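# Structural description and commentary
So you can see what is in the structure, the chains are spelled out below.
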Amino acid sequence: MKAAVVTSFTTPLEIRDREVPEPGPGEVLVRLETCGLCHTDIHAAHGDWPVKPEPPFIPGHEGVGIVEKLGEGVINRALGERVAIPWLGYACGECRFCIDGRETLCEKQRNSGYSVDGAFAEYAVAAARFVVPVPDGVSSLDAAPLTCAGVTTYKALKVARIVPAESVAVFGIGGLGHLAVQYARLLGGSVIGVDVEDDKLDLARELGADHVVNAAKVDPVEAIRELGGADVAVVLAASPRVFEQAFSSLNRGGRLICVALPADQKMTVSIFETVLKGISIIGSIVGTRQDLAEVFALHAAGRTRIIAEPRRIEQVNDAIADVLSGKVLARLVFDYRT
Ligand code: ZN
Ligand code: ZN
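Bear in mind that the values here come from a model prediction, so they are computed numbers and not experimental data.

Residues Pro55 and Pro56 are joined by a peptide bond in cis, for which omega reads 0°. As for its position among the elements, Pro56 is in the loop between α1 (39-46) and β4 (63-70). One non-glycine residue, Arg161, lies in the positive phi region at around 50°. Looking at the element boundaries, Arg161 is found in the loop between α3 (140-159) and β10 (167-171). At Val286, a position not held by glycine, the phi torsion is positive, near 35°.

Assigned domains within the protein chain: domain 1 (2-133 + 307-335) and domain 2 (151-283). The straight-line distance from the C-alpha centre of domain 1 to that of domain 2 is 28 Å. Contacts between domain 1 and domain 2 engage ten residues on the former and 13 residues on the latter. A combined buried area of about 970 Å² lies between domain 1 and domain 2, and 62% of that area is made up of carbon and sulfur atoms. Sorting the residues of domain 1 by area buried against domain 2 places Trp49, Ile307 and Leu329 first, and these three jointly supply 46% of that buried surface. Inspection of the region where domain 1 meets domain 2 yields zero salt bridges. Our enumeration of links across domain 1 and domain 2 arrives at four residue pairs in polar contact (both at pLDDT 80 or more). Class assignment of the residues belonging to the side of domain 1 that touches domain 2 gives a composition of six nonpolar, two polar and two charged.

With that out of the way, let us pick up the layout of surface pockets. Here the second largest pocket is characterised by a volume of approximately 390 Å³. Counting only elements with at least two residues in the lining of the second largest pocket, the list comes to β6 (88-90) and β8 (123-127). When residues of the lining of the second largest pocket are assigned to their parent elements, the largest contribution, five residues, is made by β8. Residues belonging to the lining of the second largest pocket are distributed by class as follows: 19 nonpolar, six polar and six charged.

Turning to the coordination of the zinc ion (ligand 1), a few remarks are in order. Around a metal, the perfect tetrahedron of four donors has angles of 109.5 degrees, and the perfect octahedron of six donors has angles of 90 or 180 degrees. Here the zinc ion (ligand 1) is held by Cys38 (SG), His61 (NE2) and Cys148 (SG), and the distances to it run 2.0 to 2.2 Å. Read in sequence order, the donor residues coordinating the zinc ion (ligand 1) give the pattern C-x22-H-x86-C. Of the two residues, His61 sits in the loop between α1 and β4 while Cys148 sits in helix α3, which places them 87 residues apart along the sequence. On the basis of relative accessibility, which here comes to 5%, the residue Cys148 falls in the buried class.

What follows covers empty space enclosed by the protein. For the structure shown, the criterion picks out one cavity of 30 Å³ or more. The wall of the largest cavity is formed by Pro86, Trp87, Leu88, Phe130, Thr147, Val151, Val286, Gly287, Thr288, Arg289 and Leu292. Mapped by element, the contributors of at least two residues to the lining of the largest cavity are α3 and α9 (289-300). Within the lining of the largest cavity, the residues separate by chemical class into seven nonpolar, three polar and one charged.

Let us look at the coordination of the zinc ion (ligand 2). At this site the zinc ion (ligand 2) is bound by Cys92 (SG), Cys95 (SG), Cys98 (SG) and Cys106 (SG), with donor distances of 2.3 to 2.4 Å. Each of the four donor atoms around the zinc ion (ligand 2) contributes to a set of angles spanning 106 to 118°, which defines the coordination as tetrahedral.

Let us look at the nonpolar core. Membership of the largest hydrophobic core comes to 43 residues, with the highest contact counts inside it found for Leu13, Leu37, Phe120, Val316 and Phe334. Excluding its chain neighbours within four sequence positions, the residues that come into contact with Val316 are Ala4, Leu13, Ile15, Phe120 and Phe334. Residues Ala184, Leu236, Ile307 and Ala330 belong to the second largest nonpolar core, which totals 41 residues.

So, on to the sheet that holds strand β12 (residues 211-214). Through backbone hydrogen bonds, the strands of a sheet pair up, either in parallel or in antiparallel fashion. Judged by pairing direction, the sheet is parallel, and its six strands sit side by side in the order β12-β11-β10-β13-β14-β15 without closing on themselves. For this open sheet the edge positions go to β12 and β15 (280-283), each flanked by a neighbour on one side alone. Put simply, the sheet's adjacent strands are angled 20° from each other on average, direction ignored. Strand direction decides the pairing type here: β10 and strand β13 (residues 230-235), joined by four bridges, are parallel. Note on β13: the bridge partner recorded for Val168 is Val232. Sitting on the sheet, helix α5 (residues 198-206) is in contact with β11 (190-195) and β12, with an inclination near 170° to β12.

The rules behind each value
- Residues numbered from 1 in each chain as written.
- Chains lettered and ligands numbered in written order.
- Predicted model: local features only at pLDDT ≥ 70, side-chain atom pairs only at ≥ 80, totals over all residues.
- Heavy atoms only, no water.
- Helix = DSSP H or I, 4+ residues; strand = E, 2+ residues; numbered from the N terminus.
- Domains from an automatic or database assignment.
- Contact = heavy atoms within 4.5 Å.
- Buried area = accessible area lost by both parts, 1.4 Å probe.
- Salt bridge = Lys/Arg side-chain N within 4 Å of Asp/Glu carboxyl O.
- Polar contact = N/O pair within 3.5 Å; in protein donor to acceptor, adjacent residues only side chain to side chain.
- Nonpolar A, V, L, I, M, F, W, Y, C, P; charged D, E, K, R; others polar.
- 1 Å grid on protein atoms, 1.4 Å probe; cavity = no way out; pocket = protein on both sides within 12 Å on 5 of 7 lines; lining within 4 Å.
- Points joined across faces, edges and corners; volume = space filled by probe spheres on them.
- Donors = N, O, S within 2.8 Å, 3.2 Å for Na, K, Ca; no water.
- Buried < 20%, exposed > 50% of the residue type's maximum accessible area, 1.4 Å probe, protein only.
- Tetrahedral: all angles 85-135°; square planar, octahedral: opposite > 155°, others 65-115°.
- Core = buried A, V, L, I, M, F, W, Y, C linked by side-chain atoms within 4.5 Å.
- Pairing = 2+ DSSP bridges.
- Axes fitted to C-alpha atoms, helices over the stretch in contact; angles between N-to-C directions.

As structure tokens, then:
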């Protein structure tokens, strides 16, 4: 099978011919149809974060494909079923986090395309209990971005506990942001889209943002304050400065939802303001299998739209360069069917 492999943190990915893996007990073999390119894959390939994956490895955690083989003891999945392989590749099912519905916090978790090989390949094995069925109403091209960008922003807005009259500022319109705008709208909040590219702000408007702010042209904190401030600020841009701007744009009782993971990890916020304004700073990491099922159900019901461009896996390094240059409007998706 063809696979895009990270061989070191300083060299481009290599397209290699690998043997199709065998599913072990409790695993399935998935013949991939698509896999989205998430910023996390780029951080993985560059070894940007404190906990690093071990080369050689295959990135990819927005995989969508067909179950082609069942490992020993698999009873919950069927041959021919279409499933998604998300970031949460495995969790123990026994710890206090798993038991009370916070499986994304499991300390024994394995992550697709990071601690286990992911979906930048024609085939991948995955834990049968952690792949999520894709409903018929969701194409494989759309299902890929929903598998990380979708579930991550959906969950981030869930933990923000938005009520309909509140305003939500989404910092960073792109793969994640274009979905965050739509989920914020579905929850009823008025939405302010913030980015530094006008075409992304146009997209935010098209997808339902009530206001947009170009942070390259105006001070976003002032602009948001003029609009009445934000009750919730979701940060999807990987820069500490953006987190600080998001914090400063919050109203009393506001919630700062941290989602992006900048390589430079420290932000500075005022303790005084946090206390006096009763601000909550909340970290949100991907979403559970149930969150992903909800994301798929919303999309199947026609409530969300995906902006994605297909690419071939051979173009992986160009695709990464395009994402890093900010040229990509929303999501690039590798399509293995072409
Ligand atoms: Zn991701
Ligand atoms: Zn656990």
